[in-house]
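# Descriptive structure summary
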Amino acid sequence: MTAGTAGLRALPRPVAVAVGGGGVLGAAHVGVGYALEQRGFVPDLIIGTSVGALNGAIAAGHPGKAAQWLDNVWTRLRRREVYPLGYLSSHASIFTDRGLRRLIARAGLPARVEHLAIPFTAVATDLVTGAEVLLDHGGLESALLASTAIPGILPPVEHEGRTLVDGGVIAYVPVRAAQRAGAASVVVLAVGPESSPLCHTVPRRRASAIAARAALLGLRNQIERDLRDVAEHIPTVVLPTGVDAWPAPWDFRHSERLISTASRAAGRFLDGLRISGPGLYRDATMVEVGR
C-alpha cells in the first residue's frame, strides 16, 4: 500500500469527488484523475459543475479508466469543435451547443444520469431565481448541457419548467452540494487562477483588466468560503495542479501541459496525504483569502 493510498483510504465513506468549473482549464482535471486512478481510488459519488460536470460524468460512467479516454479527447480538442463559429442558435447565445452534444455522444455514456456506474450529480443555476439546481436523475445530455451553459456563450436549457445555465454561477466548486448529497468526506478538483495562489498585484488601469481582477476575486472568495464551511464538518481534500501559468479561456493548445503537470503535482500530494478528522487538506503553498 502506498502512502497516497493509505491517505485516501483513511477518508470516511461515503467519499465524494467535487469537480469544479474552468472551461478549457478542465484539462487539468484529467491529470488529477490520472493520479487518483493510479492509486486505485474510486469515489462513492461525483458532483460536477460546468466542465467539471462533463469530465465528472465520464469518470462516473467509466470508473478507474476514464483518464486515458479524456486525455485522448482533450489533447486533440480545438475551439471550433466546442464553440463552432457561424451557427448562431438564437439571440440567447453566441454559439450553439452542437459541439458539446457531439462530445457527449462520443463518450459512451448511458442516456440517464441514474444509470451511470457511480452516482453523479450535475450542478446548474436557475436563471430566474438564482437557485442551485442539482441534476441527479433524468436525461444525462440535458443535465450536462445545462451545467455547461456559460451565460451568453452557450444556450440556456429548459428543464422541468426551469431555465438553467452554468452551475459555476452559483457553485464554481460544488463542495456544498457534495456535503448535502451525504458525503462524509470530499476530494476537490479545482482548476484555474481562482484556485491558485493569489498574486498580490495591482491590475493595469484598463477597464478589462480591472473587471477581470474583480471577477477573479469574486470567484476566489466564493470558493474559499465554501471550502472552509464544508471543512468545518468533514475532511475536505483539495488536490493541487502545480500549474502556475494558465492559458487563455479559449486556448485549447495547452492541454498536454496541464494534464502532465497536474498529474505529477497531485500524485506527490497524495503520496504525503494524512487524514486526521474534519479540516481543509491542501498544498501548504496555497495562499488563502483573508489570511
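See the structure printed just above.
The structure contained in this document is the topic of the report that follows.

Procedures and definitions
Residues numbered from 1 in each chain as written. Predicted model: local features only at pLDDT ≥ 70, side-chain atom pairs only at ≥ 80, totals over all residues. Heavy atoms only, no water. Phe/Tyr/Trp six-rings, centres within 6.5 Å; stacked < 30°, edge-to-face > 60°. Helix = DSSP H or I, 4+ residues; strand = E, 2+ residues; numbered from the N terminus. Buried < 20%, exposed > 50% of the residue type's maximum accessible area, 1.4 Å probe, protein only. 1 Å grid on protein atoms, 1.4 Å probe; cavity = no way out; pocket = protein on both sides within 12 Å on 5 of 7 lines; lining within 4 Å. Points joined across faces, edges and corners; volume = space filled by probe spheres on them. Nonpolar A, V, L, I, M, F, W, Y, C, P; charged D, E, K, R; others polar.

## Looking at the packing of aromatic side chains
In this structure the tally under the stated criterion is one aromatic pair. Both rings, one in Trp74 and one in Phe252, keep their centres 6.4 Å apart while their planes meet at 25°; by these two values the pair is stacked. Of this pair, Trp74 sits in helix H4 (residues 66-74) while Phe252 sits in the loop between strand E8 (235-239) and helix H10 (255-271); the two residues are 178 residues apart in sequence, bridging distant segments of the chain. Each member of the pair Trp74 and Phe252 is classed as buried.

## Examining empty space enclosed by the protein
Under the counting rule described, the total for this entry stands at two cavities of 30 Å³ or more. Of the pockets and cavities examined, the largest cavity occupies roughly 290 Å³. Around the largest cavity, the lining comprises 21 residues; the ones closest to its centre are Gly33, Leu36, Glu37, Ile46 and Ala59. Only strand E1 (15-19), helix H2 (27-38), helix H3 (51-61) and H4 provide two or more residues apiece to the lining of the largest cavity. Per-element accounting of the lining of the largest cavity gives the leading share, five residues, to H2. Its residues assigned to classes, the lining of the largest cavity comprises 15 nonpolar, five polar and one charged. Here the second largest cavity defines a volume of roughly 250 Å³. Val51, Leu54, Trp74, Val82 and Leu100 are, among the 20 residues lining the second largest cavity, the residues nearest its centre. Secondary-structure elements contributing two or more residues to the lining of the second largest cavity are H3, H4 and helix H6 (98-106).

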